[in-house]
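Observations on the model geometry
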Amino acid sequence: MKNLLEEISQYVRKAFEEAGYDASLGKVGVSNRPDLCEFQCNGAMAGAKQYHKAPLMIAQDVAAKLEGASCFSRVEAVAPGFLNLDISNDFICDYVVRMSEDEHFGVEMPKPATMIVDYGGPNVAKPLHVGHLRSAVIGESIKRILRYMGNTVYGDIHMGDWGLQMGLVIYEMSLRMPELPYFDDSFTGEYPAEAAFTVTDLEEIYPAASAKSKEDPDYKAHAMEATLKLQEGHRGYRALWKCIMDVSIADMKRNYDRLDVDFDLWNGESTVQDLIPGMVKDMKDGGYAYESDGALVVDVKEETDTKEMPPCIIIKSDGASLYNTTDLATIKDRVAKYSPTKMVYLTDKRQDLYFEQVFRCARKTDLIGDECELIHVGFGTVNGKDGSPYKTRSGGVPKLSDLIDEIEDGMLVKIKENTKAKGEDISDDEAYDRARKVGLAAIKYGDLSNQATKDYIFDVDRFTSFEGDTGPYILYTCVRINSILRKAAAEGVDLGACRIQAPVNESHKALMKAISGFNAEIMSAYNEYAPHRICGYIYSLSNAFNSFYHENHILTEEDAQTRESFLALLALTGKILKVCTDLLGFEIPERM
Ligand code: ARG
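Below: a short report on this structure. Small disclaimer: the values here were computed from a predicted structure and weren't measured.

1. Concerning the site of the ligand
Residues in close proximity to the ligand include Asp-118, Gly-121, Asn-123, His-158, Tyr-323, Asp-327, Tyr-345, Thr-347, Gln-351 and Phe-355, which together make up its full environment. In this structure, Gly-121 approaches the ligand through a main-chain N or O atom, which is 2.9 Å from a nitrogen atom. Here Asn-123 contributes a side-chain N or O atom positioned 2.9 Å from a nitrogen atom of the ligand. Compared with its free state, where it exposes 350 Å², the ligand has 83% of that area covered by protein. Of the residues contributing to the shell around the ligand, the split by class is three nonpolar, five polar and two charged.

Following this line, the structure appears as structure tokens:
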């Protein structure tokens, strides 16, 4: 189905043409003066020059042709040359009915393709922190949006599991627990399957090792040596690395589970190490990579560049590969395994230039062809109320789990207040379960409702509020709808047999108009990798629903047909909200 604006524009284009003007002038937009009309067309103004005619006259000519057009209840040409338009009740009703009959509520599905979303990006042995929130939350939503559009999508976590942090941890462990067999070069037996440390140990070992390496060059040299040995295949270090991975991944999974984020591929930098030598050779043989100051680089500058574009360093002068070497090899790996037509990367926007270099390098060196699009979605920072990056009370980087705790705790207080106010008596378990679900909506909506590139303020009070542009407000609306539908069903109404009918008042019509925006907003979210579009849509849909709810008596409506049509519209609103909350990545509780 075409979106609503497109459908009404068709009529106005035709009218321009019939009146002797260019059809393309008939583009309709939502009115910027909703007090005067619902939609407007400014084409007459644009055509004035071309036709040497007063815009008002053109508008009047077109208005005359639109007389009797069933899609409008009012067409008015007003000075200096606007066309003010109101859509007819029958037209909006018919549109919403067609949406309700369509499997995807009016969204036109593109040709399905295979895509990869690279998000999460945590580093092994380091705790997940506030910086990992956005990648997880936005990435998960984008993955779901791409899937909703019929694509086969693989979410890949792309762990940092091969760099210096591994050598640091290994070296520090060798000092603390020298008796472990991993450090005994003469050991030939089976290494223990159980790790000799917990994630809590890791969380202490890594920062300690990192601090020491910054102070002590000798310590750092040992850590680098351990990194190299690991990468070259040292048997004990590989076994220890495996243990560190297991412990660390189990902890990552706990964190991501709490966010309802899951990955299809648990790959990392280590996954593609074996591809690097061949890839580097190809780059050299192809004449792309050359030596510069001992390092191997590929130029990625283009003539049209206005900003500095340094070459992509493939191999450092000491022979080590880098972060981008791995990303390039990962592109090669994904092309070979999945032939995707799109790869979307989610990272902090400070990596913008980095990804530009990597993408150019991948194209230039033929790792990837024109059939595959490479997209970097760079996001802004999570700030505290003071506007600078969010910190713990003691000034440290907050752990992701603490952030989730904070929201859940805040939510639990509100849920308890709320149930008490309603005189509802619930168990602690039930209260916690609701707090978890609503808390997830609070944290995700709080993040996703901002355009990704913008920074935002992590504000527990605001995010957990049941009023305003928040996750809990959206859920509250969903819960209200579901509860009305449940009551109706209990009263014996056959919801499946209820039909949507032309609106009987303004709030009824306004709800239909709000619903009708679904396909346009989903397409924007899809094309722009922009979950905030969906948030904006469901916020106005929720507002329209709540006004409708307050202005009409739904269950007690006396006219049976009207009541059924209200319920049918409610059911559709509920279904659409469900799709949207799924796409954003949170669940609707039964009560809250
Ligand atoms: N581990 C990286 C970091 O902490 C993020 C990885 C992002 N993904 C990628 N393909 N480079 O910055």
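2. Description of the packing of helix α13 (residues 400-421) against helix α14 (residues 428-448)
Two elements in contact, α13 and α14, have axes whose closest approach is 8 Å; the angle formed by their N-to-C orientations is 120°. As judged from the angle between their axes, α13 and α14 are oblique. Pair α13 / α14 crosses with right-handed handedness. Residues Leu-403, Ile-404, Ile-407, Glu-408, Met-411, Leu-412, Ile-415, Lys-416 and Thr-419 of α13 form the contact with α14, whose participating residues are Asp-428, Ala-431, Tyr-432, Arg-434, Ala-435, Arg-436, Val-438, Gly-439, Ala-442 and Ile-443. In the contact of α13 with α14, the residues fall into twelve nonpolar, two polar and five charged.

3. Side note on the environment of Val-397
By secondary structure assignment, the location of Val-397 is in the loop between β12 (382-383) and α13. Each C-alpha atom, one on Val-397 and one on Gly-131, is 8.6 Å from the other, the two residues being 266 residues apart in sequence. Discounting chain neighbours no more than four positions away, the residues touching Val-397 are His-129, Val-130 and Thr-392.

4. Things to note about the side chain of Asn-546
For Asn-546, the location among the structural elements is in helix α19 (residues 531-551). For Asn-546, a relative accessible area of 8% corresponds to the buried category. When neighbours within four sequence positions are excluded, Asn-546 is seen to be in contact with Tyr-473, Thr-477 and Arg-480.

5. Looking at the packing of aromatic side chains
Taken as a whole and judged by the stated rule, the model has 27 aromatic pairs. On the basis of an interplanar angle of 65° and a centroid distance of 5.8 Å, the ring pair of Phe-466 and Tyr-476 is categorised as edge-to-face. You can see Phe-466 sitting in the loop between α15 (460-463) and α16 (471-490) and its partner Tyr-476 sitting in helix α16, a full ten residues away along the chain. Among the residues examined, Phe-466 registers a relative accessible area of 15% and is labelled buried. Using a relative accessible area of 29% as the deciding quantity, one classes Tyr-476 as partly exposed. Following the ring pairs from residue to residue traces out a cluster consisting of Tyr-182, Phe-183, Phe-187, Tyr-191 and Tyr-237.

6. With respect to the side chain of Asp-161
Mapped onto the elements of the fold, Asp-161 is located in the loop between β6 (152-156) and α6 (164-176). Buried and without a salt bridge, Asp-161 has Arg-238 as its closest oppositely charged side chain, separated by 10 Å. At 3.0 Å, the side chain of Asp-161 forms a polar contact with the backbone nitrogen of Glu-269. Apart from residues lying up to four places away in sequence, Asp-161 is in contact with Val-124, Met-166, Trp-241, Met-245, Gly-268, Glu-269 and Ser-270.

7. Topic: the packing of α6 against helix α9 (residues 235-258)
Where α6 contacts α9, the two axes come as close as 11 Å, and the packing angle between them is 105°. Between α6 and α9, the crossing angle belongs to the class labelled roughly perpendicular. Touching Met-166, Val-169, Ile-170 and Met-173 of α6 are Tyr-237, Leu-240, Trp-241 and Ile-244, all from α9. In the contact of α6 with α9, the residues fall into eight nonpolar, no polar and no charged.

8. Looking at the environment of Leu-240
On the secondary structure map, Leu-240 appears in helix α9. In the structure, Leu-240 is positioned 67 residues away from Met-173 in sequence and 9.7 Å away in space, judged by C-alpha atoms. For Leu-240, the contacting residues outside a window of four places in its chain are Ile-170, Met-173, Tyr-182, Phe-183 and Phe-197.

Each value, and the rule that gives it
Residues numbered from 1 in each chain as written. Predicted model: local features only at pLDDT ≥ 70, side-chain atom pairs only at ≥ 80, totals over all residues. Heavy atoms only, no water. Near = heavy atom within 4 Å. Polar contact = N/O pair within 3.5 Å; in protein donor to acceptor, adjacent residues only side chain to side chain. Areas by Shrake-Rupley, 256 points an atom, 1.4 Å probe, with all protein chains shown as cover. Nonpolar A, V, L, I, M, F, W, Y, C, P; charged D, E, K, R; others polar. Axes fitted to C-alpha atoms, helices over the stretch in contact; angles between N-to-C directions. Helix = DSSP H or I, 4+ residues; strand = E, 2+ residues; numbered from the N terminus. Parallel < 35°, antiparallel > 145°, perpendicular 65-115°, else oblique. Left-handed = near helix turned anticlockwise from the far one by under 90°. Contact = heavy atoms within 4.5 Å. Buried < 20%, exposed > 50% of the residue type's maximum accessible area, 1.4 Å probe, protein only. Phe/Tyr/Trp six-rings, centres within 6.5 Å; stacked < 30°, edge-to-face > 60°. Lys, Arg positive; Asp, Glu negative; His and termini not counted. Salt bridge = Lys/Arg side-chain N within 4 Å of Asp/Glu carboxyl O.

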